[in-house]
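So you can see what is in the structure, the chains are spelled out below.
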Amino acid sequence: MIKRDIENELVNLSTQYPVVTITGPRQAGKTTLTKMVFADYSYCNLELPDIRQLAVDDPRALFSSFPPPVIFDEVQRVPDLLSYIQVMADENDQKGQIILTGSHHLNLHEAITQSLAGRTALLTLYPLSIKELFQSGFTLSRDELIFTGFLPRIYKDNLEPHKAYRNYYQTYIERDLRQVSNIRNLDQYEKFLHLLAGRIGQLVNLNALSGDIGVSSTTLTEWLSVLEASFIIFRLKPYHDNFGTRIVKSPKLYLADVGLAAYLLGINEVDQISRDPLLGNLFENMVVLEALKTRMNRGLEPNLYFYRDANQKEIDLLYKNRNELIPLEIKAAMTYNKTLHNSINYFNKLSGGRKGYLVYAGDLEFEKSEISVLNFANTYRIFE
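For the structure given in this document, a descriptive report is provided here.

About the thresholds
- Residues numbered from 1 in each chain as written.
- Predicted model: local features only at pLDDT ≥ 70, side-chain atom pairs only at ≥ 80, totals over all residues.
- Heavy atoms only, no water.
- Buried < 20%, exposed > 50% of the residue type's maximum accessible area, 1.4 Å probe, protein only.
- Helix = DSSP H or I, 4+ residues; strand = E, 2+ residues; numbered from the N terminus.
- Arc of directions from axis to C-beta.
- Contact = heavy atoms within 4.5 Å.
- Polar contact = N/O pair within 3.5 Å; in protein donor to acceptor, adjacent residues only side chain to side chain.
- Core = buried A, V, L, I, M, F, W, Y, C linked by side-chain atoms within 4.5 Å.
- Pairing = 2+ DSSP bridges.
- Axes fitted to C-alpha atoms, helices over the stretch in contact; angles between N-to-C directions.
- Parallel < 35°, antiparallel > 145°, perpendicular 65-115°, else oblique.
- Nonpolar A, V, L, I, M, F, W, Y, C, P; charged D, E, K, R; others polar.
- Salt bridge = Lys/Arg side-chain N within 4 Å of Asp/Glu carboxyl O.

This next bit is on helix α5 (residues 81–91). By the burial criterion, the buried members of α5 are Leu 81, Leu 82, Ile 85 and Ala 89. Buried residues of α5, seen end-on, are gathered within an arc of 90° and therefore sit on one face of the element.

Structure below.
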């Protein structure tokens, strides 16, 4: 079993709060994690129709059948339970008695802010990180990681990635999507998803997509919110501080699992990765999500941004560490060349920064006064 980096933070928070809530994408490993860490807790799966019906019809009977300490899995399916959990948390000050998991951020977040504010700690679990895989003995190449993706089940059960992501995608469209939205034209929505996969790492022009798909940009904005609520996409915000030049204010878009991006782009074999015109975008997607996972696994705010100005000068990723801005350039190249980090030199002159990172696919690693060069498998070192 692959040890998850978030485990230490989960245990720590369970000693401080009566309730701990873990959200994240489907199949990211929330159930496996909670059942492993809290092996002596009772377990209630609210996906099961009879259990869910009992929770709706007679919540008190449910709590009699599953008394604390207890794990309630997929709690967004019965959000009214949170009011009862609030009362239980107030009546019993014992910590870590209730663990909640959920897959739809908006539904669960709204219910939690109403019922459990101040009573629960919040964590977000994404699929496996490169660090977790490598430390568990899975040493995959750049192209193998992009093609295989990071769903735990693929590695646990040795699944074929293309088929696994097809099933993952179909499950989301056919079941999960209907839980968070009343989208009627699934054909247009599916086309939208495929077009977004072709724009990862870019600013998304919804007006242009509107013409391609045949729906309004307002509708596309709503669809983006649904995708974000379902942990299908991640939006990276631009850094807004004024550096004396006009800067871009639209976010960049990434998929929460690069394996799903590869599937949506029609990549069926690992050998296609190196030849795909979007290799750089796919690699950037993978590295940006590695940074996000590292921060989230420690229970910290991501503090991740990008920079682009009116002169088309861009930094792929900015990490704000206290008052310091750390620029990262992300390149899929396997051979080091000093031109790969020209934009970091530009940004440091603009911002007064002193050092940045080049994260690339080569094995050569070294440090200079103005730059550290890292293999992508070691991205986590920057953010821990």
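Additional details are given in the paragraphs that follow.
With respect to the element layout, Tyr 165 can be found in helix α10 (residues 161–180). The class for Tyr 165 is buried, based on a relative accessible area of 1%. Along the chain, Tyr 165 and Tyr 263 lie 98 residues apart, while their C-alpha atoms are 6.5 Å from each other. The contact partners of Tyr 165, leaving out residues within four places of it in the chain, are Thr 148, Gly 149, Phe 150, Leu 151, Ile 154, Asp 257, Gly 259, Leu 260 and Tyr 263. At a separation of 2.9 Å, a polar atom in the side chain of Tyr 165 contacts the side chain of Asp 257.

Now for the nonpolar core. Tyr 189, Phe 192 and Leu 227 are the most contacted members of the largest nonpolar core, which totals 80 residues. Residue contributions to this core peak at ten residues, all from helix α15 (residues 279–297). Counting residues in hydrophobic clusters, the runner-up holds 22 residues, among them Val 19, Ile 51, Leu 62 and Ile 85.

This brings us to the sheet that holds strand β5 (residues 120–124). Read from one edge of the open sheet, five strands run β2-β3-β4-β1-β5, paired in parallel fashion. The open sheet has two edge strands with one neighbour each: β2 (42–45) and β5. The mean inter-strand angle of the sheet, taken between neighbouring strand axes irrespective of direction, is 15°. In terms of strand pairing, strand β1 (residues 19–23) meets strand β4 (residues 98–102) through five bridges, oriented parallel. The residue of β4 that forms the bridge with Thr 21 is Leu 100. α5 rests against β1, β3 (70–73) and β4 of the sheet, and its axis sits at about 155° to β4.

Before going further, it helps to spend a moment on the packing of helix α12 (residues 206–213) against helix α13 (residues 217–229). What describes two packed helices is the angle between their axes and the distance between those same axes. Contact geometry for α12 and α13: axes closest at 9 Å, N-to-C directions at 105°. The angle between the axes of α12 and α13 places the two elements in the roughly perpendicular class. Every residue of α13 that contacts α12 at Leu 206, Asn 207, Leu 209, Ser 210 and Ile 213 is listed here: Ser 217, Leu 220, Thr 221 and Leu 224. Here the residues of the contact of α12 with α13 sort into five nonpolar, four polar and no charged.

The next point concerns the pattern of salt bridges. Throughout the structure, instances matching the rule amount to 18 salt bridges. A salt bridge links Asp 93 to Lys 95; its shortest N-O distance comes to 3.3 Å. Across the salt bridge formed by Glu 367 and Lys 355, the nearest N and O atoms sit 2.9 Å from each other. Placement of the pair is Glu 367 in strand β12 (residues 366–367) and Lys 355 in the loop between α16 (342–351) and β11 (356–360), with a sequence separation of twelve residues. Take Glu 367: its relative accessible area is 59%, and that puts it in the exposed class. Within this structure, Arg 26, Glu 47, Glu 74 and Arg 77 form a network of salt bridges that share partners.

Right, let's get into unusual backbone geometry. Of the consecutive residues Pro 68 and Pro 69, the connecting peptide bond is found in the cis state with omega at 0°. For Pro 69, the position within the fold is in the loop between α4 (59–65) and β3. Backbone geometry at Asn 158 places phi at a positive 55°, although glycine is not the residue there. Assignment of secondary structure puts Asn 158 in the loop between α9 (152–156) and α10. Asn 158 sits in the exposed class, given a relative accessible area of 70%.

Our focus in this paragraph is the sheet that holds strand β8 (residues 304–308). Hydrogen bonds between backbone groups are what pair the strands of a sheet, and the pairing can be parallel or antiparallel. One open sheet holds the six strands; their spatial order is β8-β9-β10-β11-β13-β12, and the pairing between them is mixed. Here the strands that pair on one side only, and so sit at the sheet edges, are β8 and β12. In this structure, β12 lies alongside strand β13 (residues 371–375), joined through two bridges in antiparallel fashion. For Glu 367, the partnering residue across the bridge sits in β13 and is Ser 372. Those strands touched by α16 are β8, β9 (314–321), β10 (324–330), β11 and β13, and its axis lies near 165° from that of β10.

Before going further, it helps to examine the environment of Asn 8. Looking at the secondary structure, you find Asn 8 in helix α1 (residues 7–14). Take Asn 8: its relative accessible area is 57%, and that puts it in the exposed class. For Asn 8 and Glu 132, which are 124 residues apart along the polypeptide, the C-alpha to C-alpha distance reads 14 Å.

It is worth spelling out the pairing of β1 at this point. Most of β1 is tucked away, with five of its five residues classed as buried. Burial of the side chains of β1 extends over both faces: Val 19, Thr 21 and Thr 23 are buried on one face and Val 20 and Ile 22 on the other. One ladder, built from five bridges, connects β1 with β5; its direction is parallel. Its bridge partner being in β5, Val 19 is matched across the sheet by Thr 120.

So, to be careful, I would describe these as geometric facts and stop short of saying anything about function.
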